[in-house]
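Letter by letter, the chains look like this.
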Amino acid sequence: CHMDNIHGLGRKMPWTFAAIIIAGLSLVGVPGTAGFISKWYLVSAAIEQQAWLSVAAILIGSLLAVIYIGKIIEALYFKPITESNRDVKEAPMFLLFPTWILVLANVYFGLNTVLTVGVAQQAVKIMGIVSQ
């Protein structure tokens, strides 16, 4: 897949690509998304264990995700639409609906962490993992 295949499509398919951008922000670990919560706990645990290589790997992964998502945003919104994409229309509702359910769940669980953190804590107890 070449990036020039999506040039300008952010304006033609705003709902589809807004969902992709929000998912990308979660991949980066932006606060308010489930990706932030998972990265927060991973980095916190790695720091607690003084696993500095793991901390570096997680942070470098987030930095790379920023670069990748930035390139996608640039192609979608700041590049002129290609001739082959002139007739492209928004994705059908039967595809947008489940996509946006996932996007909204991502944001919901990023803001309300009671369920996800509670389940993780129960799993730790069940597995017998004890923090020293």
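For every chain, the first residue of its written sequence is number 1, and the numbers climb from 1 along that sequence. A pLDDT threshold of at least 70 governs which residues receive local features in this predicted model, and a stricter bar of 80 or more applies before side-chain atom pairs are shown or counted, although totals over entire chains, interfaces and linings include all residues. Values reported for side chains reflect all heavy atoms of the structure, with hydrogen atoms and water molecules removed beforehand.

1. Some remarks on the overall build of the chain
Each helix is a run of H or I in the DSSP string that is no shorter than four residues. Each strand is a run of E no shorter than two, and both are numbered from the N terminus. A tally of helices and strands in the chain yields six helices and zero strands. Ordered by position in the sequence, the α and β elements of the chain form the string α-α-α-α-α-α. For this measure, only C-alpha atoms enter the radius of gyration; the expected value for a globule follows 2.2 Å times N^0.38, where N is the number of residues. For the chain, whose C-alpha radius of gyration is 18 Å, the value lies well above the compact-globule estimate of 14 Å for 132 residues. When its C-alpha atoms are laid out on the principal axes, the chain stretches across 60 × 30 × 20 Å. Counting the 132 residues in the chain, one finds 27% classified as buried. Of the contacts made within the chain by residues no fewer than 6 positions apart, 78% connect residues no fewer than 24 positions apart. In summary, the charge assignment counts Lys and Arg as positive and Asp and Glu as negative, without counting His or the chain termini. Note that the charge is assigned to NZ on lysines, CZ on arginines, CG on aspartates and CD on glutamates. One way to put it: in the chain the 8 positive side-chain charges average out to a point 3 Å from where the 6 negative ones average out. In this scheme, a residue with accessible area under 20% of its type's maximum is buried, one over 50% is exposed, and one in between is partly exposed, where area comes from a 1.4 Å probe on protein chains only. It only takes one pair of heavy atoms within 4.5 Å for two residues to be counted as in contact.

2. Some remarks on the nonpolar core
Buried Ala, Val, Leu, Ile, Met, Phe, Trp, Tyr and Cys residues that are joined via side-chain atoms within 4.5 Å together make up what is termed a nonpolar core. The biggest cluster of nonpolar side chains holds 13 residues, and the ones touching the most others in it are Ile-6, Leu-9, Phe-17, Leu-76 and Trp-100. When residues of this core are traced back to their parent elements, those giving at least two are helix H2 (14-28), helix H4 (52-78) and helix H5 (93-111). Dropping the residues within four chain positions of it, Leu-76 is found in contact with Ile-6, Gly-8, Leu-9, Gly-10, Arg-11, Phe-17 and Ile-21.

3. Points about the packing of aromatic side chains
Planes of paired rings set the category: under 30 degrees apart is stacked, over 60 is edge-to-face and the rest tilted, where pairs are Phe, Tyr or Trp rings (Trp by its six-membered ring) whose centres lie within 6.5 Å. Summed over all chains, the structure comprises three aromatic pairs. On the basis of an interplanar angle of 35° and a centroid distance of 5.8 Å, the ring pair of Phe-36 and Trp-40 is categorised as tilted. Highlighted residues: Phe-36 and Trp-40, both in helix H3 (residues 34-48), separated by four residues, approximately one helical turn. Where Tyr-108 meets Phe-109, the ring centres are 5.2 Å apart and the plane angle is 75°; that geometry is what we call edge-to-face. What makes Tyr-108 partly exposed here is its relative accessible area of 45%.

4. Quick look at a nonpolar patch on the surface
Taken together, the side chains of Ile-60, Leu-63, Leu-64, Val-66, Ile-67 and Tyr-68 make up a nonpolar region of the molecular surface, amounting to roughly 570 Å² of accessible area. Mapped onto the secondary structure, Tyr-68 falls in helix H4. For Tyr-68, a relative accessible area of 52% gives the class exposed. Every patch collects residues that have over 30% relative accessible area and no salt bridge, joining them within 9 Å if they carry like charges and within 5 Å if they are nonpolar side chains (Val, Leu, Ile, Met, Phe, Trp, Tyr). Accessible areas in this description were obtained via Shrake-Rupley with a 1.4 Å probe; residue shielding takes into account the shown protein chains only. Put simply, a salt bridge is a Lys or Arg side-chain nitrogen that is within 4 Å of an Asp or Glu carboxyl oxygen.

5. Focus: the pattern of salt bridges
A complete count under the given rule lists two salt bridges for this structure. Put simply, Glu-83 and Arg-86 hold a salt bridge, and the shortest N to O gap is 3.4 Å. For Glu-83, a relative accessible area of 62% translates into the label exposed. Since its relative accessible area comes to 40%, Arg-86 is described here as partly exposed.

6. Considerations on the environment of Pro-14
As for its placement among the helices and strands, Pro-14 is situated in helix H2. Residue Pro-14 is classed as partly exposed on the basis of its relative accessible area of 39%. C-alpha of Pro-14 to C-alpha of Gly-24: the two residues are ten residues apart in sequence and 15 Å apart in space.

7. Remarks on the side chain of Ser-26
Counting through the fold element by element, Ser-26 comes out in helix H2. Every residue in contact with Ser-26, bar those within four places of it in the chain, is listed here: Thr-33, Ala-34, Gly-35, Phe-36 and Asn-106.

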